[in-house]
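A structural walkthrough
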Amino acid sequence: MDRIRVLVCEPNKTAYPGQLENSHTAYGKLVGGEYTAELMDKNTVIVYNKAMTENGDKPNRIVGHLTICGTFFLASVSDDDMYKSMSNEQMEYYYNELGKAMRTTAQDCKTNTVYKSIGKDIAYINNLNFYIEESGTDFRRIAASYKTEDKTEAKELLKAMHSIFKETYGTESVDDIAASGDGIVHLPAVLKSEKTGDIQLGLVLVNTDCEGECLCTTHITSRGIAVPYDLDLDKQSIKEMRSIEPYGYWYTPTYEGDTYMRLHMPDDVREIIDYATGNNEQTQGMEMQGM
């Protein structure tokens with residue numbers, strides 16, 4: 001029987017690469033019983049014990065919406081219901097994401113198992129991260145293009161962000177995503193300063209359970225992806241984030257259920273989003289105070 005290379009995550013232990021017999025029996029034996037699988041990105045699957053997770057037995061790590069319980073592993077997807085060995089790039093990426101053991105509580109299990117799945121939002125972020133790495137995205141060029149008339153590099157990146165969103169979710173409609181139970185969703189967006197008129201690209205995190213309430217905005221700066229609550233942010237990223245406050249944002253997917261949005265969209269923002277989506281009726285968004 002062939003063996004595959006996987007990343008194994010046990011409760012209270014550092015993750016490690018392992019060799020696993022490539023059979024359904026071996027999958028179940030490793031995770032301690034009947035298993036379920038979800039996509040972590042378009043090429044990577046996470047396999048865990050669903051019953052242990054729903055029962056809160058032996059909490060392991062929080063992954064997306066879930067506190068996964070018991071041992072789980074990651075592998076590469078294949079064209080059938082068997083899996084393949086992880087690449088070095090996959091192994092490194094997910095070791096950085098999930099390598100360290102986490103402290104989890106009974107309350108974590110109770111809260112996070114309400115969703116019953118990891119959710120596709122984490123797959124979207126992982127797919128986007130892999131794209132950025134594989135394409136060699138130059139964030140300094142992206143930021144420089146914000147100041148140009150045609151904003152070519154920014155348009156191309158937003159187009160990729162929107163395409164990856166559609167590929168991950170299988171839809172451009174946030175209403176469809178909300179109906180499927182994914183409550184928290186990152187949406188690719190254009191941010192525009194109300195004071196200076198400067199723009200940035202970003203990801204708007206909305207809560208579809210609260211009709212599109214904005215939870216956080218991720219900014220794409222010359223130093224890369226910057227999140228306001230990151231305590232390790234460098235001074236340049238902080239400066240660029242604050243430079244457009246207060247700002248409005250407009251995202252590329254459609255979302256009729258968003259009661260927070262305002263329909264007015266500046267012409268320069270519309271040009272960028274129309275390029276990314278290829279659909280003049282696609283654009284939606286809202287104005288807000290910078291976070």
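Quick caveat: nothing in here was measured; it's all calculated off a predicted structure.

Looking at where alanine 51 falls in the secondary structure, it is placed in helix H2 (residues 50–55). With relative accessibility at 44%, the residue alanine 51 sits in the partly exposed group. Residues alanine 51 and tyrosine 35, 16 residues apart in the sequence, show an inter-C-alpha distance of 8.2 Å.

Time to look at the packing of helix H7 (residues 152–169) against helix H10 (residues 267–277). Where H7 contacts H10, the axes come no closer than 8 Å and their chain directions differ by 50°. By the criterion of interaxial angle, the relationship of H7 to H10 is oblique. Like other packed secondary-structure pairs, H7 and H10 cross with a definite hand, here right-handed. Between H7, through Lys155, Glu156, Leu158, Lys159 and His162, and H10, the contact on the second element is made entirely by Glu271, Ile272, Ile273, Tyr275, Ala276 and Thr277. Split by residue class, the contact of H7 with H10 holds five nonpolar, two polar and four charged.

Turning our eyes to something else, we now look at the pattern of salt bridges. By the definition in use, this model includes eight salt bridges. Between aspartate 268 and lysine 192 there is a salt bridge; the shortest N-O distance is 3.0 Å. Note that aspartate 268 is positioned in helix H10 and lysine 192 in strand S8 (residues 184–193), a separation of 76 residues in sequence.

Within a sheet, neighbouring strands are paired by backbone hydrogen bonds and run either parallel or antiparallel to one another. As summarised here, the arrangement of the five strands in space is S2-S1-S7-S4-S3, forming an open sheet in which the pairing is antiparallel. Looking at strand neighbours, the two that pair on one side only are strand S2 (16–21) and strand S3 (35–41), the edges of this open sheet. Adjacent strand axes in the sheet meet at a mean angle of 35°, parallel and antiparallel pairs treated alike. Judged from the six bridges that link them, S3 and strand S4 (residues 44–49) form a sheet pairing that is antiparallel. Pairing of leucine 39 across the sheet is with valine 45, part of S4. Where helix H3 (residues 88–98) meets the sheet, it contacts strand S1 (3–9), S2, S3, S4 and strand S7 (72–76), and its direction lies at approximately 15° from that of S1.

Calculation notes
Residues numbered from 1 in each chain as written. Predicted model: local features only at pLDDT ≥ 70, side-chain atom pairs only at ≥ 80, totals over all residues. Heavy atoms only, no water. Helix = DSSP H or I, 4+ residues; strand = E, 2+ residues; numbered from the N terminus. Buried < 20%, exposed > 50% of the residue type's maximum accessible area, 1.4 Å probe, protein only. Axes fitted to C-alpha atoms, helices over the stretch in contact; angles between N-to-C directions. Parallel < 35°, antiparallel > 145°, perpendicular 65-115°, else oblique. Left-handed = near helix turned anticlockwise from the far one by under 90°. Contact = heavy atoms within 4.5 Å. Nonpolar A, V, L, I, M, F, W, Y, C, P; charged D, E, K, R; others polar. Salt bridge = Lys/Arg side-chain N within 4 Å of Asp/Glu carboxyl O. Pairing = 2+ DSSP bridges.

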